[in-house]
Structure formats: structure tokens, C-alpha cells
Amino acid sequence: MSKTDAGFSFEDYHVGQVIRHAVPRTVGPGERAMYHALYPARHALHSSDAFARACGLRAAPLDDLIAFHTVFGKTVPDISLNARANLGYAEGRWLRPVWPGDTLRAESEVIGLKRNSNGRTGIVWVRTTGRNQDGDEVLSYVRWVMVETRDPEAAAPEPVVPDLKAAVEPGDLTVPEGLTFGAYDHDLAGEPHRLGDYAPGEVIDHVDGVTVEEAEHMMATRLWQNTAKVHFDATRREDGRRLVYGGHVISMARALSFNGLANAQALVGLNGGAHANPCFAGDTIRAWSEVLDTAATGAPGVGAIRLRLVATKDKGPEAGLKGEDGKYLPHVLLDLDYWALMPT
């Protein structure tokens, strides 16, 4: 019996299956420092203990995407080690801050299965929950992946496609306990724009760009203990190129969005997302956002803004998003729909 693990194939999943992922990970200031070294991340709430305390928190929590990448990385050996593609996200919610010293673990429930007509791949939907050392939920989201089958000639399972919400309702968003923007310091945050300064339909070009380096994207993927083969093993693709982890693109685009959205301080909802085209070392990532909605919360001075964040290969919003056929244009890397907290 082999002691090594080649990863799951499509046939290894069934609806209702619950997978407890190895290995728990304690996160701390080192993760924050490395995250800020890899990305131009500088939102004040996650950068300054003093700023966070002025906003009612005990200290600066770790960046929300550190929590996401850490939990996501736990799931890779069981969900996407043999994936052809990570297809999308839905119903994501950040449920409580992650603090330096917290230990994160993850489990996933299979909520949908559908084999593709070619027989060589199938789609697997999972709902993943990340918990801290006390068992408290810190993050929950749905994602779906295209996974290779072991036997293309085997009978296909009855398809089960989950009915997912188009967006997280504002009332279902969780504001961190104690958070208030009543005495918010716009000078220290970097921009004066409040929630009322943004209107649905507004498009913000974040202007700056960052060229992806081979070593940096692989370092980032190792940091999150993401073991997906396509990110490291150049023999896994016919073109001999390592595929950049989609989360690396998400974090780069989120960091770039500081220019124009410096006060979108905390991520609280992930409504949907697609990695539209592959990213490779040498690509220059640029980003733009469209305001989709705004909403009130029950916390003093705290509002919610719904944003569409688009990452591209060196193009601005004028280059467009989709063609006449409804498919993403070749320069589009990421199309992400999320909620963030902002002072009113």
C-alpha cells in the first residue's frame, strides 16, 4: 500500500461528504510582514494597531485575505490538487477577525457534483469553513473546481448543482465586534472619501500596475501551503509555464485598489468571482473597480460598499470586460464581486 497521496479524482467525491483538512496553521506577525512584502497592501485597519484601536478594535487584525489564503491552502490537497481550474466563488463571509497567534483549520462539505460531457473532468462544489483554535467560525465560502476523472468511461453520477445566492445580503454581513468609524482619521487612512462619495455605476481606475515575478508568486503560494501542482511543476502544462495562483492575483488587485478605495477597510462578503484567464510570470497586473451598491450596517459610522474588482493584463477599464459573445476578453484575469466596510 502506497504511503503517498496522489490526490482526489472526481470519483472520490459524493454529495454530503465532509472533509477535515490537514494541517492547522498558527498565523502571526510574520504572515503580515510577508503579505505586505509580496503585495502593496496598506489599508490602515490592518497596518496599524493604533489606528485599529481608534476604530474600537483591540489591535490590527491580520489582513482578511491572509485568513482566506490560509484556509484555502488547507483545502488544496483534498479539493484542487488535481484540478484543471478553480472556477468560481459564492456566498463568502468573513465572520470574525483573525488575530496574530490564532490557529486556523478548515473543513469542506461537498454540496454539488456534475461530470462534464467529455468524461475526462467534472465539477465539484464545496462549502468550506475556516475555524480558529476555539472552534469559532472565521470564514465561510463556496467554491467550485474542475477536477480530473480517473476513468472517463465510468458511469456518471446523478448531477447535483447547488442553488447559490447571487450575492450576500447586507443584513447577513458581519461587522467585527466593537468596530466603529465614529472618530475615523481620514488623514491617516490616506483618502477623504466616505461611503456617500461613491455611487453605483461609478468606475475607478486604480492606475498602478505590478509585474508578476516567478519567484514571488511561488513564494506566496508556498506561504499559504497551497500544494496545487500547476503552480510549481512546469511539466504539468504543455507550454511548460507555471500557473500563477489565483489568490495571488486577488491580493495584488485588492492591494492596488487602495488608490481610490483606501477607506474600504475590511472585507466582509464574497458574492462571486471568476479567474477569467490564466496569469503567468511576466504579466503586469492592473486593476479597476465598479461600485455596485452601498448599504448601512448597525455599527456606528460603518457602512458597506459592494464592489466589482477587475484585474487585467496591463489594461484599464476602457479595454472592456467581455466580448459580444459574453465571454471574458483575453486580457481579463479576475472578476471579483465583494462587500467591504467603509466609514459613512
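See above for the structure.
This one's a predicted model, so the numbers in the text were calculated from it and none came from an experiment. (Residues numbered from 1 in each chain as written. Predicted model: local features only at pLDDT ≥ 70, side-chain atom pairs only at ≥ 80, totals over all residues. Heavy atoms only, no water.)

Engineer: What is the right way to read the overall build of the protein from this model?
Structural biologist: A tally of regular secondary structure across the protein gives eight helices and ten strands. For the protein, the spread of C-alpha atoms along the principal axes amounts to about 65 × 50 × 40 Å. Classification of the 344 residues of the protein by burial places 53% in the buried group. Sequence separation of 24 or more characterises 78% of the internal contacts of the protein that already satisfy a separation of 6 or more. In the structure as shown, the protein presents an accessible area of about 14,600 Å², 49% of it carried by carbon and sulfur atoms. For the protein, the distance from the average site of its 35 positive side-chain charges to the average site of its 45 negative ones is 5 Å. (Helix = DSSP H or I, 4+ residues; strand = E, 2+ residues; numbered from the N terminus. Buried < 20%, exposed > 50% of the residue type's maximum accessible area, 1.4 Å probe, protein only. Contact = heavy atoms within 4.5 Å. Areas by Shrake-Rupley, 256 points an atom, 1.4 Å probe, with all protein chains shown as cover. Lys, Arg positive; Asp, Glu negative; His and termini not counted. Charge placed at Lys NZ, Arg CZ, Asp CG, Glu CD.)

Engineer: Explanation requested: the side chain of N226 in the structure shown.
Structural biologist: Residue position: N226 is located in the loop between helix 6 (214-223) and helix 7 (246-256). Residue N226 is classed as buried on the basis of its relative accessible area, which comes to 3%. Within the local environment of N226, its side chain forms a polar contact with the backbone nitrogen of A228, the two atoms lying 3.0 Å apart. N226 has contacts with F72, G73, V76, T221, H231, F232 and Y245, leaving out every residue within four places of it along the chain. (Polar contact = N/O pair within 3.5 Å; in protein donor to acceptor, adjacent residues only side chain to side chain.)

Engineer: Explanation requested: the pairing of strand 7 (residues 266-275) in the structure shown.
Structural biologist: Remember that side chains alternate between the two faces of the sheet whenever the strand is regular. Counting buried positions over the ten residues of strand 7 gives nine, a clear majority of the element. Bridging between strand 2 (residues 83-94) and strand 7 involves four bridges; their strand directions are antiparallel. Residue pairing for strand 7: Y89 is matched across the bridge by G273. Relative to strand 10 (residues 332-343), strand 7 is paired through eight bridges, and the arrangement is antiparallel. Across the sheet, the residue bridging to L267 is A340, located in strand 10. (Pairing = 2+ DSSP bridges.)

Engineer: Explain helix 6 to me, please; I cannot follow it from the model alone.
Structural biologist: Residues of helix 6 that are buried: H217, M218, A220, T221 and L223. Residues of helix 6 that are buried sit in contact with strand 1 (18-26), helix 1 (29-38) and helix 7. At the exit of helix 6 stands Q225, carrying a positive phi of roughly 55°.

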